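# Understanding the architecture of this molecule
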Amino acid sequence: MFKGVDHVVVAVKDLDAAVGRYETIYGQPVSDRAEALAAGMKMAFFRFPDSYVELVSNIDDQGPIAKRLEERGEGVHLVAMKVDDIDKTLETLRAGGIRLVGDPGPGNPVKGQVFIHPAMTGGVLTQIVQR
């Protein structure tokens, strides 16, 4: 069912400062940056052969990252897990009573947009990704 970690998202208050820290830790420059204006967030990516780490910060005081930082501070926000067959994975999770977020229902999954509710995983949002 699960094939490993696709990526990890870390919420940070100051994106530029965090990029500097992670560049020192990883010994490599940031791979790329992006903004999602509609979601009110900016991102920096450290890409590796089979996964990546995404640092996210809020653009203003709105949006999910601003809320997360206010409520819980900096830290791991999301772990995205790779699957080969999202349909089968969701079917298995539903049958096991796992609470899902963004689940459009059996037979119609939106690939990469379904999450295991953080209440099921000790507070970490888990994304299910099929590439």
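Everything below is about the structure shown above.
Summarised in this report is the structure supplied together with it. Fair warning: this is a prediction, and the values are worked out from it, not measured in the lab.

Looking now at the overall build of the protein. A count of helical and extended segments in the protein gives 3 helices and 8 strands. Starting at the N terminus and walking to the C terminus, you meet the elements of the protein as β-α-β-β-β-α-β-α-β-β-β. A compact globule built from 131 residues should have a C-alpha radius of gyration of about 14 Å, and the protein, at 15 Å, falls within 12% of that. Summarising its shape, the C-alpha atoms of the protein cover approximately 45 × 35 × 25 Å along the three principal directions. When contacts within the protein are restricted to residue pairs at least 6 apart in sequence, long-range pairs at least 24 apart make up 52% of them. As displayed, the protein offers around 7300 Å² of accessible surface, 52% of which is attributable to carbon and sulfur atoms. In the protein, 15 positive and 18 negative side-chain charges are present, and the distance between their average locations comes to 4 Å.

Generally speaking, soluble globular proteins have nonpolar side chains that are buried together. One finds Ala11, Met43, Val56, Ile65 and Leu78 to be the most contacted residues of the largest nonpolar core, which totals 14 residues. Of all the secondary structure elements, the ones that give two or more residues to this core are β1 (2-11), β3 (41-47), β4 (52-58), α2 (64-72), β5 (75-83) and β8 (125-129). Broken down by element, the residue count for this core peaks at 3 residues, all from β3. Sequence-distant contacts of Val56, that is, excluding residues within four places in its chain, are made with Val9, Val10, Ala11, Val12, Leu15, Lys42, Met43 and Ile65. In this structure, Val10, Val12, Val19 and Val53 belong to the second largest nonpolar core, which totals 11 residues.

In this section: the pattern of salt bridges. Close approach of charged atoms lets side chains of opposite charge pair. The full count for this structure, using the stated rule, is 4 salt bridges. As a salt-bridge pair, Lys3 and Asp84 come within 3.7 Å of each other at their nearest N and O atoms. Residue Lys3 is found in strand β1, and its partner Asp84 is found in the loop between β5 and α3 (86-95); the two are separated by 81 residues along the sequence. The exposure class assigned to Asp84 is exposed, which follows from its relative accessible area of 56%.

The rules behind each value
- Residues numbered from 1 in each chain as written.
- Predicted model: local features only at pLDDT ≥ 70, side-chain atom pairs only at ≥ 80, totals over all residues.
- Heavy atoms only, no water.
- Helix = DSSP H or I, 4+ residues; strand = E, 2+ residues; numbered from the N terminus.
- Rg over C-alpha atoms; globule rule 2.2 N^0.38 Å.
- Contact = heavy atoms within 4.5 Å.
- Areas by Shrake-Rupley, 256 points an atom, 1.4 Å probe, with all protein chains shown as cover.
- Lys, Arg positive; Asp, Glu negative; His and termini not counted.
- Charge placed at Lys NZ, Arg CZ, Asp CG, Glu CD.
- Core = buried A, V, L, I, M, F, W, Y, C linked by side-chain atoms within 4.5 Å.
- Buried < 20%, exposed > 50% of the residue type's maximum accessible area, 1.4 Å probe, protein only.
- Salt bridge = Lys/Arg side-chain N within 4 Å of Asp/Glu carboxyl O.

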